[in-house]
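A look at the structure
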Amino acid sequence: MQFSTKNIDVVAQATQCAVVFALEDKLLASAKAIDKLHGGALSALIANKDLKPKAGHKRWITLAPSKRPYQRVLLVQLGKSDDKKASKLKSDNLLAALSSAATALSQSPVKDATVYIDDLFSQNITVEHNGTTADPSWVAEQLAIAVQKASYRYTETKSKPDAKPALSKITYASSNAARVKGQRLALVRGAAIGSGINYTRELGNLPPNICTPSFLADQGKALATSSSSALTCRSLDHKQMEKLGMGAFLSVAKGSSEEGKLIIMEYKGTTVANSKPHVLVGKGITFDTGGISLKPGAAMDEMKFDMCGAASVFGSMKALVEMKAKVHVVALIAAAENMPAGNASKPGDVVTSMSGQTIEILNTDAEGRLVLCDALTYAERFKPKSVVDIATLTGACVVALGNHACGLYSNHQPMAEKLLAAGTFSNDKAWQMPLWDEYQKQLDSNFADMANIGGMPGGSITAACFLSRFAKKYHWAHLDIAGIAWQSGAKKGATGRPVALLVNYLLNA
Ligand code: BES
Ligand code: MN
Ligand code: ZN
């Protein structure tokens with residue numbers, strides 16, 4: 001997808017499709033200009049209630065060849081204004097409109113479109129985003145993300161895949177020449193974040209017989225090759241992990257015929273001095289059967305999504321590469337398959353982690369924390385500025401927060417607040433959960449330094465408490481993304497979250 005921006009007039013710009021907007025029953029400036037030229041065709045849609053007042057509702061208008069420069073008009077509803085004067089718009093409505101426009105374009109034969117949402121700013125309509133006023137660049141970034149997301153199709157394992165969208169070029173009409181530069185950068189950022197989101201979705205969606213730990217290691221290598229040496233990748237095999245004493249990681253990986261991998265990527269943007277990196281750690285269980293503590297059969301296929309934390313780290317790295325971000329980031333992917341087998345771990349087994357702490361495995365289905373704890377210890381060697389782990393860690397987190405926010409835990413409040421702010425900014429929300437000492441004793445074990453489960457109450461919290469014991473040497477946060485990483489049901493598929501949150505955090509950390 002090619003994104004560009006310029007300060008242009010809707011009447012002059014040649015495009016296959018002009019995307020224009022209405023705020024309730026008022027056409028924004030570009031829509032008005034087109035309406036005037038074409039005999040009130042747009043205002044008639046509103047007057048006749050063919051364009052509903054609901055945000056995201058839309059209508060196509062095809063024009064006769066004589067009426068070009070644009071062949072079609074897509075009129076999109078922004079919904080109800082937040083005040084009587086039609087001068088305030090909630091960001092939720094704006095995002096619904098952008099996503100609806102992007103979806104409509106991606107399903108149409110349109111190859112290039114010009115989007116006139118910047119009219120909002122020339123008309124002094126403020127966009128309210130979680131208590132702050134969104135700026136024109138934020139809107140451009142969100143448009144680029146929406147277009148990228150709408151253009152994704154899963155095709156890899158279908159013999160008759162859906163056609164790829166025709167759309168390949170978006171022009172962002174800036175209503176003020178002074179804003180062009182900022183919006184151009186925002187489009188680059190949004191395009192890269194959207195591309196990272198789609199990569200995360202693709203890795204998540206791939207079946208577990210294809211997307212194995214070694215497949216993920218190859219993805220890292222491919223990403224490195226594509227990055228013109230800004231990103232490097234290597235991975236540790238079982239032998240190397242044994243040498244490091246990663247007994248917790250290996251206790252999960254050993255029951256599978258797919259060898260586990262600790263994948264290490266390092267991204268260093270240009271002009272970044274020899275700085276300490278931020279580290280991302282992704283849970284990459286490419287399939288979670290539960291192991292000997294076998295999961296029930298219903299919907300077990302969805303445990304192919306148990307590598308979505310890892311996928312979000314890959315997506316974030318891809319986004320950083322594509323936007324040439326000036327940051328220094330190390331990514332650690334703890335990739336393994338959790339299987340029941342004759343040589344699999346058993347409830348009651350005690351293993352020694354790389355940190356030296358011993359762990360009694362009371363439930364082999366609590367495997368995420370076992371692979372992550374050794375990756376967290378490994379992270380120490382980078383002397384990180386901060387470490388964020390991202391994991392589909394607990395069903396309990398889904399019970400607590402549902403599907404709208406991920407759970408955020410941190411041992412450093414300023415870091416937690418940066419992540420919360422990044423989530424709010426990018427509409428990829430996190431909600432902070434407690435990491436109080438009171439919960440720690442649920443992990444007591446009679447036979448080891450700790451158990452790998454803390455019982456039913458506060459299951460997402462005790463999982464975070466477990467990880468916190470391996471993250472004492474740096475500022476650390478944990479995102480439990482079990483409720484947000486994928487959708488079930490008819491729209492089953494990975495969401496690409498929380499790539500937007502992570503990239504925004506890294507750009508501002
Ligand atoms: N990958 C699962 C968590 C999960 C379950 C995510 C369902 C999304 C939907 C994780 O490995 C797991 O099995 N956790 C257990 C922990 C328990 C044994 C303490 C869980 O949540 O049941
Ligand atoms: Mn599990
Ligand atoms: Zn799991």
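Just so it is clear, the model here is predicted, and its values are computed rather than measured.

Check the secondary structure of the protein and you find 15 helices and 23 strands. The globule rule puts the C-alpha radius of gyration for 509 residues at 23 Å, and the 24 Å found for the protein is close to it. Overall, the protein is about 80 × 50 × 50 Å in size when its C-alpha atoms are taken along their principal axes. Residues classed as buried in the protein amount to 58% of the 509 residues present. Contacts in the protein between residues far apart in sequence, at least 24 positions, make up 77% of those at least 6 positions apart. Per element, the accessible surface of the protein, about 20,700 Å² overall, is 52% carbon and sulfur.

Turning next to the coordination of the manganese ion (ligand 2). The protein atoms that coordinate the manganese ion (ligand 2) are D288 (OD), D365 (O), D365 (OD) and E367 (OE), at distances spanning 2.1 to 2.2 Å. Taken together, the six donor atoms coordinating the manganese ion (ligand 2) span angles of 69 to 167 degrees at the metal, a pattern that classifies the geometry as irregular. Binding-site remark: the manganese ion (ligand 2) is held by donors from one chain whose sequence spacing is D-x76-D-x1-E. The metal-metal distance between the manganese ion (ligand 2) and the zinc ion (ligand 3) is 3.1 Å, with D288 coordinating both. Pair noted here: D288 is in strand β13 (residues 278-288) and E367 is in the loop between β16 (358-360) and α11 (368-379), with a separation of 79 residues, a long-range link. The two residues D288 and E367 agree in class, both being buried.

Take the sheet that holds strand β14 (residues 328-338) next. Overall, mixed pairing links the eight strands, which are arranged β11-β12-β14-β13-β17-β21-β18-β19 in an open sheet. Two strands in the sheet have a free side with no partner beyond their single neighbour: β11 (231-236) and β19 (430-432). Shown here is a sheet whose adjacent strand axes are inclined to one another by a mean of 20 degrees, direction ignored. Relative to β14, β13 runs parallel, the two sharing ten bridges. Residue pairing for β14: G282 is matched across the bridge by I333. On the sheet, α11 packs against β11, β12 (261-268), β13, β14, β17 (386-391) and β21 (476-480) and is oriented at approximately 155 degrees with respect to β13.

Another aspect to go through is the environment of A192. Relative to the assigned elements, A192 resides in helix α6 (residues 180-205). For A192, the contacting residues outside a window of four places in its chain are A319, E322 and M323.

The buried fraction of β14 is high, at eleven of eleven residues. What you see with β14 is no split at all: H328, V330, L332, A334, A336 and N338 on one side and V329, A331, I333, A335 and E337 on the other are buried throughout. Both β12 and β14 contribute to a ladder of eight bridges, which runs antiparallel. Bridged to K261 within β14 is A335.

What follows concerns the packing of aromatic side chains. Evaluated as defined, the whole model comprises five aromatic pairs. Between F305 and W486, the ring centres sit 5.2 Å apart and the planes meet at 20 degrees, which makes this aromatic pair stacked. Within this pair, whereas F305 is found in the loop between β13 and α10 (308-323), its partner W486 is found in strand β22 (residues 486-487), the two being separated by 181 residues in sequence. On the basis of relative accessible area, W486 is assigned to the buried category, the value being 13%. Over the ring of Y199 we find K318, and its NZ or CZ is 5.3 Å from the ring centre.

Moving on, we get to the site of ligand 1. Around ligand 1 there are 16 residues in total, and K295, D306, D365, E367 and G395 lie nearest to it. T392 is positioned with one of its backbone polar atoms (N or O) 3.3 Å from a nitrogen atom of ligand 1. At 2.7 Å, a backbone N or O of G395 approaches an oxygen atom of ligand 1. Compared with its free state, where it exposes 510 Å², ligand 1 has 76% of that area covered by protein. Taking a 2 Å distance to the grid points as the criterion, the majority of the atoms of ligand 1 fall inside the second largest pocket. Looking at the shell around ligand 1 residue by residue, the class counts come to five nonpolar, four polar and seven charged.

About the cut-offs
Residues numbered from 1 in each chain as written. Chains lettered and ligands numbered in written order. Predicted model: local features only at pLDDT ≥ 70, side-chain atom pairs only at ≥ 80, totals over all residues. Heavy atoms only, no water. Helix = DSSP H or I, 4+ residues; strand = E, 2+ residues; numbered from the N terminus. Rg over C-alpha atoms; globule rule 2.2 N^0.38 Å. Buried < 20%, exposed > 50% of the residue type's maximum accessible area, 1.4 Å probe, protein only. Contact = heavy atoms within 4.5 Å. Areas by Shrake-Rupley, 256 points an atom, 1.4 Å probe, with all protein chains shown as cover. Donors = N, O, S within 2.8 Å, 3.2 Å for Na, K, Ca; no water. Tetrahedral: all angles 85-135°; square planar, octahedral: opposite > 155°, others 65-115°. Pairing = 2+ DSSP bridges. Axes fitted to C-alpha atoms, helices over the stretch in contact; angles between N-to-C directions. Phe/Tyr/Trp six-rings, centres within 6.5 Å; stacked < 30°, edge-to-face > 60°. Lys NZ or Arg CZ within 6 Å of the ring centre and 35° of its normal. Near = heavy atom within 4 Å. Polar contact = N/O pair within 3.5 Å; in protein donor to acceptor, adjacent residues only side chain to side chain. 1 Å grid on protein atoms, 1.4 Å probe; cavity = no way out; pocket = protein on both sides within 12 Å on 5 of 7 lines; lining within 4 Å. Sits in = over half its atoms within 2 Å of the grid points. Nonpolar A, V, L, I, M, F, W, Y, C, P; charged D, E, K, R; others polar.

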